[in-house]
Amino acid sequence: MISLKQFKYFIEIVEAGSYSRAAEKLYIAQSALSRQIKELEDELQTPLLMRDARQFELTPAGQLFFERGKRILEDIDDTLVQARHVGQGAQGVIRLQHSSSVILTPRISNALARTLDAHPGVTLEVSMLPSENQTLEIEEGRADLGLLRLPTLRRHPHIQVREIGSERLMVAVAQHSPLAALDNVELAALSDEAFISIPHKDRGGLSYLVANLCLEQGFFPKPARALSRKSSQLNLIEAGLGIAIVPECMRLTAPAGVRFVTLSQGRLLTSVGLATRRKADPLVTAFADALVGMLANPVA
């Protein structure tokens, strides 16, 4: 069986650049270190290092083992730290990302505050990132939680997304637009309007949802001369450069020169999801589960 000690020894040799320097850092004899690597190669049934008297070179298998092995040891170290934090009262930093169209509304902010109250040792680090990018960040360990607009197109095997709410879609227009005088408007009536946000071919999220709703009405959104998928799209709308179909929550951050018109086609909704790793560390899992519960049972 391969031991964690062998993982550590092999990685130390590669990073030190020589057996002798690695042996000094590990406080073991060079002969013992060589024997451990030989046993590791025998267990794997493939050479990891091509060596002569003075130097060595990684084989392709050795390069793979080094990269994956280093990641495994880092994961083990992180697991030990997180387990210690949980045992000492759930202390640690949780990295939360949200898309520009998932505004931290009072509902979400209050749920986050209540969840933090229930986890006094947790610090929340909040940043903004597009919905599709969040799942990759979480998959690769650079983020822990994501608040994103559904649907997302990219599928990551280790990511789960739970729907945590929905809201109606509205048309954001400049205050001097003829549309601003309407109480409501049919989606099909917007076919000649210029849309500030057009879907990216590889991304889901709000613009993808809107484009599909428009296609159901027989047209694809006509692109404006200035495009944005960020919160800055409201500023472009205020300047009269186009319109956008956005979640109702964006009224909270809209500039004074933007008006919101109801879509009259029944209730056109957009959903928000909470993304996490399926096997996140216990601290993140506990926080995420509590947050979902807080969002399901808001305080009046």
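Further up the page is the structure itself.
All of the points below concern the structure found in this document. (Residues numbered from 1 in each chain as written. Predicted model: local features only at pLDDT ≥ 70, side-chain atom pairs only at ≥ 80, totals over all residues. Heavy atoms only, no water.)

## Examining the layout of surface pockets
At step 1: Put simply, the largest pocket is a space of about 610 Å³.
At step 2: Along the walls of the largest pocket sit 22 residues, with D75, D78, G141, R277 and D281 positioned nearest its centre.
At step 3: The element best represented in the lining of the largest pocket is helix α4 (residues 60-87), accounting for six residues.
At step 4: Across the lining of the largest pocket, the residue classes break down as eight nonpolar, three polar and 11 charged. (1 Å grid on protein atoms, 1.4 Å probe; cavity = no way out; pocket = protein on both sides within 12 Å on 5 of 7 lines; lining within 4 Å. Points joined across faces, edges and corners; volume = space filled by probe spheres on them. Helix = DSSP H or I, 4+ residues; strand = E, 2+ residues; numbered from the N terminus. Nonpolar A, V, L, I, M, F, W, Y, C, P; charged D, E, K, R; others polar.)

## Some words on the nonpolar core
At step 1: One finds I94, L112, L145, L147, L274 and F287 to be the most contacted residues of the largest nonpolar core, which totals 21 residues.
At step 2: Only β3 (92-98), α5 (106-118), β4 (122-128), β5 (145-149), β12 (269-277) and α9 (282-296) provide two or more residues apiece to this core.
At step 3: Looking at this core, the element that brings in the most residues is α9, giving seven residues.
At step 4: Ignoring sequence-local partners within four residues, the contact set of L147 consists of L96, Q97, H98, S99, V102, L104, I108, Q134, I164, G273 and L274. (Core = buried A, V, L, I, M, F, W, Y, C linked by side-chain atoms within 4.5 Å. Buried < 20%, exposed > 50% of the residue type's maximum accessible area, 1.4 Å probe, protein only. Contact = heavy atoms within 4.5 Å.)

## Topic: the pattern of salt bridges
At step 1: If you walk through the whole model with that rule in mind, you get 11 salt bridges.
At step 2: Ionic pairing is found between R95 and D144, a salt bridge with its closest N-O pair at 3.0 Å. Of this pair, R95 sits in strand β3 while D144 sits in the loop between α6 (131-139) and β5, and the two are 49 residues apart along the sequence.
At step 3: According to the relative accessible area criterion, R95 is partly exposed, its value standing at 26%.
At step 4: For D144, a relative accessible area of 10% translates into the label buried.
At step 5: Where R149 meets E167, a salt bridge forms, and the shortest distance between an N and an O atom there is 2.6 Å. Of this pair, R149 sits in strand β5 while E167 sits in strand β6 (residues 159-174), and the two are 18 residues apart along the sequence. (Salt bridge = Lys/Arg side-chain N within 4 Å of Asp/Glu carboxyl O.)

## Digging into the packing of α5 against α9
At step 1: It is the contact of α5 with α9, at a shortest axis distance of 9 Å, that shows an interaxial angle of 130°. Between α5 and α9, the angle falls in the class oblique. Classified by chirality, the crossing of α9 by α5 is right-handed. In this structure, α5 uses R107, I108, A111, L112, R114, T115 and L116 to contact α9, whose residues at the interface are F287, A290, L291, M294 and L295.
At step 2: Of the residues assigned to the contact of α5 with α9, the class counts are nine nonpolar, one polar and two charged. (Axes fitted to C-alpha atoms, helices over the stretch in contact; angles between N-to-C directions. Parallel < 35°, antiparallel > 145°, perpendicular 65-115°, else oblique. Left-handed = near helix turned anticlockwise from the far one by under 90°.)

## Quick word on the packing of aromatic side chains
At step 1: For the coordinates displayed, the defined rule picks out four aromatic pairs.
At step 2: Centre to centre, the rings of Y19 and F56 are 6.3 Å apart; their planes meet at 85°, and the pair counts as edge-to-face. Residue Y19 is located in helix α2 (residues 19-26), and its partner F56 is located in strand β2 (residues 56-58); the two are separated by 37 residues in the primary sequence. Of the two residues examined, Y19 and F56, each falls in the buried class. (Phe/Tyr/Trp six-rings, centres within 6.5 Å; stacked < 30°, edge-to-face > 60°.)

Everything listed here is a matter of geometry and, on its own, says nothing about what the molecule does.
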